[in-house]
Every structure is written in structure tokens, then in C-alpha cells.
There are 2 protein chains.
Amino acid sequence: MKIVIIGGVAGGASAAARARRLDEHAEIVVLERGEHPSFANCGMPYYVGGEILSRDKLLVAPIEMLRSRHRLDVRVNAEVSKIDRETKAVHVHDRNSGSGYVEHYDKLIIATGAAPFRPPIPGIDHKLILGLRDLNDADRMHQLATSGARHAVIVGAGFIGIEVAENLRKRGIDVTIVELASQILPPWDAEMITPIDQELRGQGIQIRLNESATEFRDRDDGLAIQLKSGETLDADFVVLSVGVRPENGLAIDSGLECGPRGGINVDEHMQTNDPDIYAVGDVVQVEDFVSGAMVQVPLAGPANRQGRIAADHIFGRQTAYRGTQGTAIVGAFGKAAAMTGQSEKQLKAASVDFEKVYIHPSDHAGYYPGASPMTLKLLFHPESGAILGAQGVGSNGVDKRIDVIATAIQGNMSVEELEESELCYAPQFGHAKDPVNMLGFVASGVLRGDHPVTHVDRIPAEVQTSSDMFLLDVRSEAEFENGAIPGAINIPIETLRDRLGEVPQDKTIVTYCQVGMRGYLATRVLMQNGFDVRNISGGYKAWLLFHPQP
Amino acid sequence: MKIVIIGGVAGGASAAARARRLDEHAEIVVLERGEHPSFANCGMPYYVGGEILSRDKLLVAPIEMLRSRHRLDVRVNAEVSKIDRETKAVHVHDRNSGSGYVEHYDKLIIATGAAPFRPPIPGIDHKLILGLRDLNDADRMHQLATSGARHAVIVGAGFIGIEVAENLRKRGIDVTIVELASQILPPWDAEMITPIDQELRGQGIQIRLNESATEFRDRDDGLAIQLKSGETLDADFVVLSVGVRPENGLAIDSGLECGPRGGINVDEHMQTNDPDIYAVGDVVQVEDFVSGAMVQVPLAGPANRQGRIAADHIFGRQTAYRGTQGTAIVGAFGKAAAMTGQSEKQLKAASVDFEKVYIHPSDHAGYYPGASPMTLKLLFHPESGAILGAQGVGSNGVDKRIDVIATAIQGNMSVEELEESELCYAPQFGHAKDPVNMLGFVASGVLRGDHPVTHVDRIPAEVQTSSDMFLLDVRSEAEFENGAIPGAINIPIETLRDRLGEVPQDKTIVTYCQVGMRGYLATRVLMQNGFDVRNISGGYKAWLLFHPQP
């Protein structure tokens, strides 16, 4: 058996190592175009920013180890120019020697990844416009960031854009982010990244939303970036991070089927339409585990697992990829945003029925020092209670809760099962009623009809103009005076039962408190007294996420 | 509807609040024997130690809030002396006034908790022997710990014993722990708490295992503790934490059925054999979710959920308790040990077939600063792959992995599904192959027969005396010389393929490396070359857990 693997980073390296473990005698050739196989691409922004001091740390599986420990025939600077399916061979260009040769395969694995998208804008090929794909890119950005650069513009506010922004800022560089969408971190729902947006701005990063670059021009030692709005930004260099595109050229040229957005079509065993050719990682399209839609999700975890699965299938094992959930996390300045499953915007776009709840717990018991707040959002089916997705934002413990919910989604659990999850509790680690349980309580209450909710984005901005709605703030007077939703009337929960006469019986009552709990109590009180009532899930804190205060 | 609840802490307080939300008009009477309902009992050790500075922080739901917000008739210093099932009434002793009265109920909830066990040892009633059950206990211990006490002896090394030990040590007190068992933290398997044991000793805490107190005597201003071994310890005070016993006196006296270890018998709705009486929390016995055995698990999370379930059922809802998994965590000096499901010793005691694997990952990518090591152990069924339990020990991120596995157990997932779990990854939060995935990979490899394992506790202590076993260390020469399992021969994995002639073909090869990965590779190499081989799961690090170096 001779296996040739094109690409030696996450998916390719995993496939190679797995293949060796499954067959000690197979010939395994890894053709890596760059200088390093299996480097830590997710660490590159932190090397640029100085959090990771030594570049060597990024070389997680040095080539010598792959050769001596796994007996892999790893070749770097080895660029494949053509796949010849007839003769089952690839044409390789040795970038060191400049010579070419042909390598035959029994099975081929394409792990070419995805390349930063370069939109067709005048000046896009300027030498001070950087991507961040391989170590050469990281070296270049590191060099610029540590040699007196004072201004950088980042085009695109996705994962890499935000991580690079943080790290350049930590180098003392003035950073401006330009993002086409109306929010940073577009995979998240907009309100859920408000705290990240505010943190970035608080750290002095400029953010221009609904904005795009229309031209890059030489200017002094740097560039001028012309924006659609008419404004011009100056920068010593530009980082382009407007998403990636599958590197599918070899696949297309050899007649392999690709999806509408370019990802190679594979089955659950990562097999292409040519049974001798597999594809894994950022270059493929996969099924979304929750929605069933075909998606392209450039994440390291799925790439690694797909590599294993392709190798398994080559050796006759029926391991199958279960689809991608889109579990992801991004950190910046000590804050983190995480998500799993579908976002609200995805559900809306697909016209899927859903309900949602928000909670604002602390990461551990409030009476133990160091508790920090987070916001969690749970999306679920309004009849079955199936968990459709979750998002979280905060400082500590967000990753844990999203990981637990990701596991619940994998296990096809319902929101009612989250009520019963039994998680680690001691006051420095969590709560006797963990935030995951709280999400279960709140969502199940909604599901059962005990707790009718509405949402900030479903009530009119100016409630007092609505003749059929009564907006009731049940917080304390002090909290109310400190800031409230426009149009609200304040009746603290403690006095509500004695002041029911002040609540109109002919209107829909929309109640809220600070985080949702007292609003829920008020909802129970009012429901049982015959009122038509719903609680704003997440309360005033949710309002502030939708209406950030400058 | 009139509901009377005996006990106003975790389970009782949860039941009361839930009942109010379900019925705005019910009469709900909470009879709390102590001075405070709903206090943070899990926080008490940290108040003693000064981590929690203000005692007020422990009053999580002040009595005024329970009254005004939930309209609960909360009575403190109200001790129930008798349950009269005939007349559906309880006899209450008001400890303030000294007077007594009778309170009738439609439904009664017993949430009396569990009391620290006081073994019948001479001198056990000495006034300087403290438990830690309520705020009075905490006040007393706090006072002693902050008024010049220099020596404390802790009898019992369970959760509370270890937490109190840490906190007294932080007060500068010399602490000696006396534990009857051969290990601290008996719910865990012994090897998994080696790092906690070592940390405690490193912090200057004395630990006496296989030891017990046989007598307490007055001595100067403190006590002398006579030990079984003959030794005598001096202490300014003693903390007794040798477990708890259900406070079942009221239940037994009124003819409610209890289990063999005293926990009140309840069904899945927390209903006792009297349909008008429910019981929740530490006073009941519950079914173990994994084993199906009846157990008594004094944990706050289950108590809270049981309180909700009892209230639900009183109002006609069929919410059911799914059993307790025993998910738990304990922290000390920045280290944490966590567990969920069955321990190895429980499985052995119940003669359940199981296999186990150990891994030693870091909490996040090793190339990102601050990664800290942990050890995880996964217990699973050797044929079905069903997850039976998991334990973890380390500094950071142990709680997250155990919570994920607890959720997988709840969802009846197998070890093969852990391979496919999709968890948050960025280098500061985890790994592209998360430790949970790694557990899945390793356990699934064992399950499929790709990866035969053995364990430190299954190989002879002196392997060289075994004529039919060859112990092969595949680490580097430097690692080997730095410490190895006695009797091992060193052939580094990188040279193994060229030195197969040195490996005997007529013996069982037991191989190992530092953490298990290279040993797995060696196992694959040797299997495919016709050897009978198994890998020591967890490698030399697992050896060190079983054979701690002083």
C-alpha cells in the first residue's frame, strides 16, 4: 500500500500518523508545499504578539520526529502541480531544486487546506498586505510588528482578524479593524459579541463596521487604505483576513466534484467521487451536524478527525464522520466568546422554528472571590426541546459550558436533560445549580408553558407608544433609576403582589428585571393572577447587549 | 394547599422556591432548625481560611428575601420534634421562645440533611472537637483559627477534611490529617489523588493514613489525640470529618421506610412510602445512575434538583429524578481532583467488567504559555464501550473535562463517541484533539483490539523476575536514565524498528513510555511484527502515581 498525502499540517499530518499506526509496512509520502509540516497554525497570532516567545514552539511535530518515530516520507517544499487519476500519480515540483518528478499512489489524500481570500481590489497585491497562513507569513508579520510599525489596518473581523488585532495591540501598535458586516465575529449572533466589541474598543482598537476597503495605495513607507465611506486610513501594513477559500485547484483540474462554494465533495468516510482519492480538512465541504446543510468550516479539530477517518477507511475500517457542529472559541484580552451548533441567524436564514433564552450567571459561586460574569444563550426547538445551538461570552468558564452543551448536542439531548446534568461543584469551580442547569431550567420552563418569554429584539424600541403593551420593570427602585428600558414602569417584585391593581388587565404585560430571574417570578405571579404576561429573557443585561452603551 | 418543609438549606430551600413559583396561593412553611435558611454551606471552609472575608457572603438568600420575594413563611430556630402522620401535622419547638406548637400540612417535605458522624470514641464530646455543618460551627472554627491556635488535627480526609486542612494551613496552623483508609479522599481511586496528597504534604500538612483516633483527652488549653498506632498528637482543636449520617430520626420515628444505611426510601418523584411526605437531599438514598445501586451521596447539586422535583410532583407534575452520578470536585492549593460515575474500586467491589485508560494531557496547547499538566482516567465497559466513570487531577481544566464526560455518561454515549466530540479549541483554551478526544481515541483503540493495554497495578512489581514477560521502555536514553520502571530494557521508539532482534519473541512484551503515546506506537510496531505485546496505559507517569516518589 502506498499512500500519498498532499499537505502536511492538521488533517494531512493526522492522516499520515494514523496510517502508519494502522499499517507498519505501508509506504506513506507526505508532500508539504511549505517549509514545515505539522506546525501550530493556531498559535501564529500569539507568536506575532509575543505571547509565544519562541518560534520553535510552533513546530509541534518536527520533521525529524515524523521521519524517525512514524517512518513517514515527509518532503517539504514539495508542491503538487497535477493529479493524474488515470495513472494514479501526482506531479511534484521540488521548490528547492526546481526539478519535477512523478509520484504514484495507491490511495491519495488531499489536505491542501484553504487559502486566505484576496478580494479583487486595486492594490491588493501590495507587498505590505499580509495574510496569516503559514510560518513565512507569521515571520513577516512578526518582523513588521517588532520593527517600529505604528499603525496597522486589519481587513476582516473573523477569528484571525480579532486574534491578530489583540496581538498587534499588545505590541503597542494602533490597530483599526475594517469589517464589511455590521458586527465583528460574524459566526456569532451580534448581541453575543457585544462584550468582545466593547473590550476591543476599550483597549484602544478602532472598529469600522459596515465598511470595506476599495483600494490600497503606496504611501510613504506604508500604504493608504481607501474605504468605501470615503475615508482614507494610513497604515504601516495591512492584515487581510476576510475568510478563506478551499485550495481546490488540483481537485477541480482532475475532475473531482466540488460543492457550490468550492469545498470538495466527500462522503462520510472522506472519500471523493474517485474511490482512490480522499480529501480532509479545510478543503472539503461537510455536513452540519445540527442542520444537515453542507458547510465549509475551517477548524483544526474537525480537520484532525477527518484525517484519522480517511486513514481508517483506506485500511478497510468503516469509521464515519458525523458532521461538524461548528464548536468554536475566540479569545481577546482575557475575554472569550464561544459557540456550538447553529446560531440564531443561521436558524432564521433556514426558516427553522426555534426559541431562545439568555442567562447571565457567574462562572462560580458568587460568594467565592473572583467570580466573573458571563452571558449564555441557548437555542432550542420550541416543541421538542432539542438543543439547536448555544453561545457564550465572558471571562472564565465560557469554554466549559459550551463544551458541555456541545456534548449534549452530540448526544441528542434536550433542554430538559440539561436540567438534570450533574456537573462538578465546589464554590471555586461552579454552582450547585450550574449555568448549564440554569439554561435547562429556563428553557424547559419556556417549553412547558410555565414561563412565557419575549426578547429584546422582539419588542418595540419605544414601548410607551404601544397601546397594547405594558412594560414592567420589577427591579428595585435604585436599579431602575440607574438605567431602564425606555417606557418601563417600575414595581419591584417584592411589592408586586400588593400592587397588582396598578397593572393593566387589558394589555400584554412585558416584564423584566436585571438578569431574568425576578422577571420570571413576576411572570409566575401575574400569570396566576390572570394576566397575559411574558418575561424578557436575560432582562436588562440582555437589553444592554442589544443596545450597547457607548 | 399547605406545604411544610423541614429544613431550609439546599434541598428544602429549592423545594420552597419552586413550590411558590408553581402555586402563587399555596401556604408554604419552611421550618429551619438553625439561625439561617439557605446559607452557603460549601463556602464555610473558605470563610474559616479567610478566602471568603465576609461572613455575610455565606447568607446567599437572606431570610427577608425569601419572605418578601417568594412569600415563604420561613421560621428559623424552629425544630421539628415529631411528625404525626395520622393528623398530618408536625410538632415544632421554637428554640427562641422555648414554646412548642403544632403545624398541619397537606404535603410535607423532609430536608433535614445529614449530620457529621461522631464515632463512639472516649472523649468524643470534648468541646474542642468541631464539626462543620452550620454557620455556628463555622463561626466557632473561624474564631479558633484566628485566635492563636497553632496545631489542629483533622480526623477524616474526605471533602470537608481536605478543604478544612487547606484553609487552616493558610491560616498558618500546623495541620495533621488522620485517615482510617489507606488514602485521602476515599471516593477517588488511590492513584488519582497522589498529586493532591503530594501537594498537601508539600504545603507542610502531615498525613497519617491507615490510622485512627482512639481517645481524646484534655491537655493544657487543648487536647491530646491518642492514635491507634500508639502515637499521641497534641492539638488546640480537632475537626471531625469522618462522613455524615442521614438525619432520619423524624422519619424513623414516624414509620417512614429507610434503607440499610439510613437514607429515607423515596421513589423517582422523591415521594416516601407516605404519599403525603417527600424527602430530598442528604437525608435520602438514591439510585446510582451508572450502577443502579442505592447510594447516599451528600452533594449540593443533587439536593437542589431533588427539591425541585418534590415540589413539581406535589403540583401534579411527573418530573423524575434520574439518579445520582456522583460528579464531584475538590480543590486544594490550586490543585483539583474531579470525578464522575463509578470509580475503579466501586466497579471491582461490584464485580463489574471494566477496562481503563490513563492519559496525561496539558489543559491547553503546550506551545501556548501557562499549560499545566493533568491526569485523566476513563473507565469503560470492555465490550460495549459504555462509559462507566472518569477521574481527573491537575491544576486547570480538570473540571471541564469531567463535566464533558459527565454529560456523555448522562447521554449514554460510548468511548467511541468521545473520539468525535467537537469541543472549543483555541490554543489558550484546549487542544485541536482535546483531552476528551484523546481519552476516546485511546479507549476506542483498546476496545477495537488495536491497542492492547496493561496497567501498573497489573504487572509484577519486579518484572525482571518474571520469566515470561519482557519490560520495554521506548523512551529516550536520557529519560530512561532519569528514572524507569525496575527491570525495564530501553530501546527508544525511534530505533525500535531496527532493533527488533533484541526483543524476545517468546515472551509477552510490556512496553511503556512517559505518558503512553510512544508506547502505543511501539505496540503497533510490535503487533504488526508478530509480537505479543501490551502497552502500560499512562506510561511512566502512571507508574509514578502508583509509586509516588517521596
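Chain A has the name FAD-dependent oxidoreductase in an unreviewed UniProt entry, where Roseiconus lacunae is given as its organism. Listed under Cofactor (unreviewed entry) in UniProt, the entry text for chain A is "FAD". What the UniProt record of chain A gives under Sequence similarities (unreviewed entry) is the line "Belongs to the class-III pyridine nucleotide-disulfide oxidoreductase family."

The next subject is the overall build of chain A. What chain A contains, in helices and strands, is 16 helices and 30 strands. Here chain A has a C-alpha radius of gyration of 26 Å; the compact-globule value for 550 residues is 24 Å, and the two agree. For chain A, the spread of C-alpha atoms along the three principal axes comes to 90 × 60 × 45 Å. Expressed as a percentage of its 550 residues, the buried residues of chain A come to 61%. The long-range fraction of contacts in chain A, counting pairs at least 24 apart against all pairs at least 6 apart in sequence, stands at 63%. In the form shown here, chain A has an accessible surface area of approximately 19,700 Å², with 48% of it arising from carbon and sulfur atoms. With 53 positive and 72 negative side-chain charges, chain A shows a spacing of 3 Å between the two charge centroids.

Moving on, we get to the relation of the copies chain A and chain B. Note on the chain copies: they are related by a rotation about an axis and a translation along it. In screw terms, the move from chain A to chain B is a rotation of 180 degrees and a rise of 0.0 Å along the axis, fitting with an RMSD of 0.0 Å. Within this description, the copies of the chain are treated as partners about a two-fold rotation axis. Most of the interface of chain A is mirrored in chain B, where 100% of its interface residues are also at the interface.

Further remarks concern the pairing of strand β30 (residues 533-536) of chain B. Taken residue by residue, a regular strand's side chains alternate between the two faces of the sheet. Residues and elements named next belong to chain B. Examined bridge by bridge, strand β26 (residues 453-454) and β30 share two bridges and lie parallel to one another. For Val453, the partnering residue across the bridge sits in β30 and is Asn535. Strand direction decides the pairing type here: strand β29 (residues 508-512) and β30, joined by three bridges, are parallel. Note that in β30 the partner of Val510 across the bridge is Arg534. A crossover connection joins β29 to the parallel β30 through helix α15 (residues 517-528); in handedness this β-α-β unit is right-handed.

If you look at the interface, chain A gives 88 residues, while chain B gives 88 residues. The contact between chain A and chain B buries some 7,700 Å² in all, and 52% of this surface belongs to carbon and sulfur atoms. Its largest share of buried area at the contact with chain B, chain A owes to Arg69, Tyr367 and Glu422 of chain A, together 11% of the area lost on that side. Across the contact surface, chain A and chain B share 16 salt bridges. Asp403 of chain B serves as the salt-bridge partner of Lys400 of chain A, at 3.8 Å between the closest nitrogen and oxygen.

Residues and elements named next belong to chain B. Sheet architecture is open: five strands sit in the order β3-β2-β1-β7-β18, paired in parallel fashion. Looking at strand neighbours, the two that pair on one side only are β3 (73-75) and β18 (277-279), the edges of this open sheet. For this sheet the average axis-to-axis angle between neighbouring strands, irrespective of direction, equals 15 degrees. Bridge count for strand β7 (residues 107-110) against β18 is three bridges, and the pairing is parallel. Following the sheet pairing, Leu108 is matched in β18 by Ile277.

Attention now moves to the sheet that holds strand β15 (residues 232-235) of chain A. Residues and elements named next belong to chain A. Taking strand neighbours across the sheet as the criterion, the three strands line up as β13-β14-β15 in an open arrangement whose pairing is antiparallel. One side of each edge strand has no neighbouring strand; the edge strands of this open sheet are β13 (213-219) and β15. Going from strand to strand, the sheet's axes swing by 25 degrees on average, the running direction of each strand aside. Of the pairings in the sheet, the one linking β13 to strand β14 (residues 222-227) comprises six bridges and is antiparallel in character. From the neighbouring strand, Ala213 faces β14, where its bridge partner is Leu227.

Basis of the calculations
- Residues numbered from 1 in each chain as written.
- Chains lettered and ligands numbered in written order.
- Predicted model: local features only at pLDDT ≥ 70, side-chain atom pairs only at ≥ 80, totals over all residues.
- Heavy atoms only, no water.
- UniProt positions renumbered as here; feature names shortened; annotations may be inferred.
- Helix = DSSP H or I, 4+ residues; strand = E, 2+ residues; numbered from the N terminus.
- Rg over C-alpha atoms; globule rule 2.2 N^0.38 Å.
- Buried < 20%, exposed > 50% of the residue type's maximum accessible area, 1.4 Å probe, protein only.
- Contact = heavy atoms within 4.5 Å.
- Areas by Shrake-Rupley, 256 points an atom, 1.4 Å probe, with all protein chains shown as cover.
- Lys, Arg positive; Asp, Glu negative; His and termini not counted.
- Charge placed at Lys NZ, Arg CZ, Asp CG, Glu CD.
- Least-squares fit on C-alpha atoms with pLDDT ≥ 70 in both.
- Pairing = 2+ DSSP bridges.
- Right-handed = clockwise from strand over helix to strand, strands pointing away.
- Buried area = accessible area lost by both parts, 1.4 Å probe.
- Salt bridge = Lys/Arg side-chain N within 4 Å of Asp/Glu carboxyl O.
- Axes fitted to C-alpha atoms, helices over the stretch in contact; angles between N-to-C directions.

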